[in-house]
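Structure assessment
Residues per chain are reported as follows:
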Amino acid sequence: MEKTYNPNSIEQKIYKNWENSGYFAPSKQGDPFCIVIPPPNVTGTLHMGHAFQDTIMDTLIRYQRMKGKNTLWQVGTDHAGIATQMVVERQLEIEGISRTELGRNAFEKKVWKWKKQSGDTITRQMKRLGTSTDWTKEKFTMDDDLADGVREVFIKLYEEGLIYKGKRLVNWDPILLTALSDLEVIQSDESGHLWHFKYPINDSDNFIVVATTRPETMLGDTAVAVNPKDSRYKDLIGKVVNLPLTNRSIPIIADEYVDQDFGSGCVKITPGHDFNDFEIGKKHSLDVINIFTREASMNKSVPEKYIGLDRFEARKLIVQEMEELELIEKIEDYNLSVPRGDRSGAILEPFLTDQWFVKMQPLAEPAIRAVKKGDIKFVPENWSKTYFEWMENIQDWCISRQLWWGHRIPAWYDEDNNVYVGINEEEIRDKHNISSSTELKQDEDVLDTWFSSALWPFSSLGWPKKTYDLETFYPTSVLVTGFDIIFFWVSRMIMMGIKFMGEIPFNEIYIHGLIRDKNGQKMSKSKGNILDPIDLIDGIDLDSLVEKRTQGLMQPEMADRIIKETKKEFPNGIPEFGTDALRFTFAILATTGRDIRLDLNRVEGYRNFCNKLWNATRFVKMNTSDMVFKKEFSDFKDLNLIDKWIQSRLNDTLDTVEHNFNVYRLDIAAKALYEFIWNDYCDWYLELSKSLLNDPDRSDEEKSVTKNNLISVLEKSLRALHPIIPFITEEIWQSLIDSNASKSIMMQSFPEKYDLKITKTDYESIEWLQSFVTNVRQIRSEMNISPKEKIDVLLEETNTQDLEKLDQTSSLIKDLASLNDIKVLKKKEDTPISAIALLGKSKILIPLEGLIDIDEEMKRLKKKFDKNSSEANSVKNRLTNKDFINKAPKEVVEELKNKLEKLEFNQEKIEEQIRMLSSN
RNA sequence: AGGCGCGUAGCUCAGCUGGUUAGAGUGCUUGCUUGACAUGCAAGAGGUCGGCGGUUCGAGUCCGCCCGUGCCUACCA
């Protein structure tokens, strides 16, 4: 083995081996355990969030596989309608071609080409991350069989009346020229104005004042509304207003909706361009005037001079003209929330179009019940509130998109615009008896991406075919996802799963946090703070990183700032950490919090952990090369105290790890393993084993028990660590034992605890040993006694228990604390002037002569005394409180009494020592 | 407006159903080229757990209010 751990040289070769050996496929034995991957978008590459999520899923899958489950991690990608179309359109733009010039078919071909490229990148990235996904089953949401499923679902819902087509106001993106669902709208707080317009009242010299944030929409006004209870305007109800700049007259109506206290208490009503106004319009049978084109410029329904103006140009002109007509009462600054498209960033328009909708309430009800009844559990549980909140107020879902990339809506129209929904044209002609002379045209629109992802838990397993995977793995075991797509995806999967499979799609939903940068900022291309997980694995120099972050920016003016900040944060680029270090970091960061800040210092720390593990192995191998490892112990009695102790610590660790893997606390599991390997195995056990193996008084047989134990504990630890850090554990495991070389750790069982009971006395002996060593080290350090200088130590006032412990451990203590001798003093013997430490009932004395500065020692003792006495006081106070004695549980009181006794004992000893030193 | 979080060591975060004077990593200080590892070893400094009040024998932990901060949903003429 090399002296330092070098991830790059081992990881890729190991992955190939796993994949070629077919280890990722379900074993077809044991209980099923299945995770379907949240399919990444084929918009480019995986980011840190994906890597985090993949680490969690892979850890769970590997753990369950080692537990003997029949595991499947279903892998695949999402076509991601708008997002992907945008990426490709932007590429075309660079080439100077527009989508429309290219035409639908040619454009689709381009997207498929891009899909291949992006999909390959994603696959490559995932493999570098070590994901044990079954690649032979990889799916894409637009594969033929998944498309069949989408059509089947659409048709069934249509036939049941759960999908309908309607002319309704929708959120319209005038840049992408498509409708969006409510969820794709981002409300952004922006500053604007509130214009107070005076509308002249017919047959009167008076005006009615309306306030608006969107002056241009006045051309589409069809009423002015006031509150029926508003005494100011009572008389105006029913009168007519001359709408300025147009030749139209519109009524003044009364509606409860109007807030008397807001603005003037009068509202202009524009049913064609405002969701609330649309509802009011319906109620009062008002005309609906659409004044915009699809691009949100003014259409032909407005007076000539406005036609063709962009909505904001029109606004300017209208304000100017109103001003000239002296019809503006005032203009106030106003903060409003502007709806923007989550992909394009364009200001959206409520726009009247024909769209397809899914009626949600009937689907939502059983989905709510499933979570209420506990059939599906959120982890952490609290997220169910978010789920209910949305589901209980659910709105119909607009599923049609005016895009070219996606599942084409399976609806055809005849010349009279009659709609026929079915699998294809032929089937429709058959079913409805339509002759070939009648022309049928398929709907141009495609479905919202999330429509097909909603089917993913069953469509990816083969539905509508009854495949082995579908029968075996549905409902899947757990869904691992971020809270940002609970509405978009999770809730819709539950609804569709129940509807089409008759069963929930997963039993548990593990919601993890979102990876953010060092400053808590969300990582995004536009902010220029993205990190490619591969760059943490392989490392990257500063120039390449800057290049990556500034390439293809939507706002090129950001480049300077991005360059500056990247240089500041990564002056030397990013070093190579390796996949395992990155994965361990992710695992240990997977707490219940929402935001996970990634600090590269932590990755470095866990790379060091990998190196530690690597070097511990080197030590073990160097010291055990002369023996053949026997996997199981026939008799634990052969194990000496130290060997038993580390096995027992391992048992405790395995308990923690197993429990926490099962409740998705990978952080606690990872931490337990880290602490065990570093603090128990390396810091103590390996050091102790050195003296056991070098002890001339021990027989070869005894030594070989310890050697065997060194391997045994390491081997089990490797298996326990494998789900989190698969590569290094595989590499080490195969090289650790000859017979492992031809096998894989990932196919081994997860380590079982040995049925080994260490007695309390034995356990205390180790603690006594550790405490002894630490005490001596402390005094050495504080008294500036060089660590290598061998010294003598005296033990005073020892009782029989301590003597027994000393008997068991003295040679070990001598080695670890580098002592010449430990001499036990009989009572009343003259003790030399010494530094002391307290250990149980005994005193450890380090003779001062030639070594210790008495003043220093006095200072040290006084500090100890103060600390001890303030603690003793607080304990005493509690014990003298009658309420405490009476009301607290007996064990607590008892424990505290023991503590006080010990504190007081120590107190006495320290005092005694101080007296002794000061008398000299 | 409603909902959900968060505020613990310089930094990043653990701390389960209330019970030793609060832990980890990283950073910092001191000393160590001891043959597994300087990606290391040993020792140490550092916190009145955002504030106030309450419940309790006992409160980072439960309750109320306040301050700061973040996210989500709805609405805002």
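In this report, we go over the structure that sits alongside the text. (Residues numbered from 1 in each chain as written. Chains lettered and ligands numbered in written order. Predicted model: local features only at pLDDT ≥ 70, side-chain atom pairs only at ≥ 80, totals over all residues. Heavy atoms only, no water.)

**A closer look at the overall build of chain A**
This is how the line gets drawn: Secondary structure elements are taken from DSSP: a helix is a run of H or I of four residues or more, a strand is a run of E of two residues or more, and numbering for both begins at the N terminus. The reference for a compact globule is 2.2 Å times residues^0.38; the radius of gyration itself is calculated from the C-alpha atoms. Accessibility here uses a 1.4 Å probe with only protein chains present; expressed as a share of the type maximum, an area under 20% marks a residue as buried, one over 50% as exposed, and anything in between as partly exposed. Contacts between residues were defined by any pair of non-hydrogen atoms, one from each residue, lying within 4.5 Å. The protein chains shown are the only cover counted for residues, whose accessible areas, like all others here, come from Shrake-Rupley with a 1.4 Å probe. Under the convention used here, Asp and Glu are negative, Lys and Arg are positive, and both His and the chain ends fall outside the count. Here the site of a charge means atom NZ of a Lys, CZ of an Arg, CG of an Asp or CD of a Glu.
The secondary structure content of chain A amounts to 29 helices and 29 strands. Taking 920 residues into account, the globule formula puts the C-alpha radius of gyration at 29 Å, and chain A, at 37 Å, lies well above it. Here the C-alpha coordinates of chain A stretch approximately 120 × 65 × 60 Å along the principal axes. In chain A, buried positions account for 55% of the 920 residues. In chain A, the proportion of contacts linking residues at least 24 apart, taken out of those at least 6 apart, comes to 77%. With an accessible surface of roughly 42500 Å², chain A has 46% of that area assigned to carbon and sulfur atoms. Within chain A, the 149 negative side-chain charges are centred at a point lying 3 Å from the centre of the 124 positive side-chain charges.

**Points about the nonpolar core**
Under the convention used in this document: The term nonpolar core refers to a set of buried residues drawn from Ala, Val, Leu, Ile, Met, Phe, Trp, Tyr and Cys, joined through side-chain atoms within 4.5 Å.
Judged by nonpolar contacts, the single largest core of 206 residues is most densely connected at Phe451, Ile494, Leu531, Leu536, Tyr681 and Phe772. Beyond its immediate stretch of four places on either side in the chain, Ile494 contacts Ala367, Val371, Ile376, Tyr387, Pro505, Phe506 and Ile509. Membership of the second largest hydrophobic core comes to 39 residues, among which are Ile252, Cys266, Met298 and Cys398.

**Structural notes on the pattern of salt bridges**
Definition in use: Salt bridges are identified by distance alone: a Lys or Arg side-chain nitrogen within 4 Å of an Asp or Glu carboxyl oxygen.
By the definition in use, this model includes 52 salt bridges. Notably, a salt bridge pairs Glu216 with Arg214, separated by 3.1 Å at the nearest N-O pair. With respect to burial, Glu216 and Arg214 carry one shared label: buried. Ionic pairing is found between Lys229 and Glu256, a salt bridge with its closest N-O pair at 3.7 Å.

**Side note on the protein's contact with RNA strand B**
Stated precisely, the cut-off is as follows: Nearness here has a simple test: a residue counts as near a molecule or strand if at least one of its heavy atoms is within 4 Å of that partner. A 3.5 Å cut-off defines polar contacts: any pair of N or O atoms within that distance qualifies, except that in protein one atom must be a possible hydrogen donor and the other a possible acceptor, and neighbouring residues in sequence count only when both atoms are side-chain atoms. In the scheme used here, Gly and all other residues not listed as nonpolar or charged are polar, with Ala, Val, Leu, Ile, Met, Phe, Trp, Tyr, Cys and Pro taken as nonpolar and Asp, Glu, Lys and Arg as charged.
Surveying the vicinity of RNA strand B reveals 58 residues, the closest of which are Ala211, Val267, Asn276, Ser337 and Ser870. Each atom of RNA strand B within 4 Å of the protein was classed as base or backbone; sugar and phosphate made up 65%. The contact in question runs from a phosphate oxygen of RNA strand B to an N or O atom on the side chain of Lys3, over 3.4 Å. The contact in question runs from a phosphate oxygen of RNA strand B to an N or O atom on the side chain of Lys612, over 2.6 Å. No other element matches the eleven residues that helix α20 (residues 600-624) contributes to the surface near RNA strand B. The residue inventory of the surface near RNA strand B, partitioned by class, reads 20 nonpolar, 16 polar and 22 charged.

**A closer look at the sheet that holds strand β20 (residues 441-442)**
Put simply, the rule is: Two strands pair if DSSP finds at least two bridges between them.
An order of β19-β18-β20 is seen for the three strands of this open sheet, with the pairing classed as antiparallel. Of all the strands in the sheet, the pair left with one neighbour each is β19 (419-421) and β20. Sheet topology note: the strand β18 (residues 411-413)/β20 ladder contains two bridges and is antiparallel. Looking at β20, one finds that Tyr413 is bridged to Lys441.

**A closer look at helix α18 (residues 559-569)**
To keep things clear, this is the line we draw: The directions considered for the arc are those from the helix axis to the C-beta atoms.
For α18, the full list of buried residues reads Ala559, Ile562 and Thr566. Looking down the long axis of α18, one finds its buried residues gathered within 60 degrees of arc, a one-sided arrangement. For α18, the exposed residues set more than 90 degrees away from the buried face come down to Asp560, Lys564 and Lys568. Buried residues in α18 make contact with α17 (542-550).

Everything listed is a geometric property; what it means functionally is a separate question.
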